[in-house]
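The chain contents come next:
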Amino acid sequence: INNINSEILKKYYDKFYTPNRMSIIAVGDFDPLQLEAIIKDKFFTQKKYPQAEKPQFKIADTSEQTIIFSDKEITTSTLSISKIKNLSIENTEKGVKENLIQLLYCNVLNNRFSILKKKENSFFNEGQIFSYPLNKDNEVIELAVSIKEDNILEGYEEILNLISSLAFYPPHINELENEKNEILSS
């Protein structure tokens, strides 16, 4: 920001603010055909505008990586587990099915977190699993948990047991039905 100048701004404007990147919406009392002709006359040209390249980023394989850090400004202990996976293509039957299964499992696990943290002897404060797109090919599934300070190792163990239990003991049909109904109602 400190080094920006008018030349940089002009290049940016010329690159991104071109008729091929614009949409025009007209609202009012006018002859639609006449207005369309004016818009085409003013905005549609034979000039070819360069397509701005969208940068694509690749993420290094981190499947066997563990990072532990401390920071005096962070006031709670947290456990964060991230998995980078291929993004399911949603406009296919297989992609929709994969996304729904993932959503159901995330919702089941989030519900289990909610129940577990309410227990009197629970070792953690908060927990959630969620996903977000990383780039056009990948998404991140992230588990984030806040552990109670006086029982950090027990809290980690409690959370890891909860996660692994879902792998060995699939959700009960009632859990799945409840989450399915939640998804349908939203």
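Procedures and definitions
- Residues numbered from 1 in each chain as written.
- Predicted model: local features only at pLDDT ≥ 70, side-chain atom pairs only at ≥ 80, totals over all residues.
- Heavy atoms only, no water.
- Axes fitted to C-alpha atoms, helices over the stretch in contact; angles between N-to-C directions.
- Helix = DSSP H or I, 4+ residues; strand = E, 2+ residues; numbered from the N terminus.
- Left-handed = near helix turned anticlockwise from the far one by under 90°.
- Contact = heavy atoms within 4.5 Å.
- Nonpolar A, V, L, I, M, F, W, Y, C, P; charged D, E, K, R; others polar.
- Salt bridge = Lys/Arg side-chain N within 4 Å of Asp/Glu carboxyl O.
- Buried < 20%, exposed > 50% of the residue type's maximum accessible area, 1.4 Å probe, protein only.
- Patch = residues over 30% accessible without salt bridge, like charges linked within 9 Å, V, L, I, M, F, W, Y side chains within 5 Å.
- Areas by Shrake-Rupley, 256 points an atom, 1.4 Å probe, with all protein chains shown as cover.
- Lys, Arg positive; Asp, Glu negative; His and termini not counted.
- Charge placed at Lys NZ, Arg CZ, Asp CG, Glu CD.
- Phe/Tyr/Trp six-rings, centres within 6.5 Å; stacked < 30°, edge-to-face > 60°.

Visitor: It is not clear to me how the packing of helix H3 (residues 93-117) against helix H4 (residues 152-168) should be interpreted in this structure. Could you clarify?
Guide: When two helices pack together, their arrangement is captured by the angle between the axes and the distance separating the axes. Where H3 contacts H4, the two axes come as close as 11 Å, and the packing angle between them is 145 degrees. The two elements H3 and H4 cross, and the hand of that crossing is right-handed. Contacts between H3 and H4 pair Tyr 105, Val 108, Leu 109, Arg 112, Phe 113 and Leu 116 from the former with Glu 158, Ile 159, Leu 162, Ile 163, Ser 165 and Leu 166 from the latter. For the contact of H3 with H4, a count of residues per class yields nine nonpolar, one polar and two charged.

Visitor: Quick question: what am I supposed to make of the pattern of salt bridges here?
Guide: Pairing is possible between side chains that carry opposite charge, provided their charged atoms lie close to one another. All told, the structure shown has eight salt bridges when counted by the stated rule. A salt bridge links Lys 94 to Glu 98; the shortest N-O distance between them is 3.7 Å. With a gap of four residues between them, Lys 94 and Glu 98 both fall in helix H3, about one helical turn apart. Residue classification places Glu 98 among the partly exposed residues on the basis of a relative accessible area of 34%. Residue Arg 112 is joined to Glu 175 by a salt bridge in which the shortest nitrogen-to-oxygen separation is 2.8 Å. Of the two residues, Arg 112 is situated in helix H3 and Glu 175 in helix H5 (residues 173-185); the sequence distance between them amounts to 63 residues.

Visitor: What should I look at first to understand a negative patch on the surface in this one?
Guide: A cluster of acidic side chains, namely Glu 149, Asp 150, Glu 154 and Glu 157, defines a negative patch on the protein surface. Structurally, Glu 157 can be placed in helix H4.

Visitor: Can you help me understand the packing of aromatic side chains in this one?
Guide: For any two aromatic rings, the description comes down to two numbers: the centre-to-centre distance and the angle of the planes. Taken as a whole, this structure holds three aromatic pairs when the rule is applied. A ring pair is formed by Tyr 13 and Tyr 17, whose centres lie 5.0 Å apart and whose planes are at 5 degrees; its orientation type is stacked. For Tyr 17, a relative accessible area of 48% translates into the label partly exposed.

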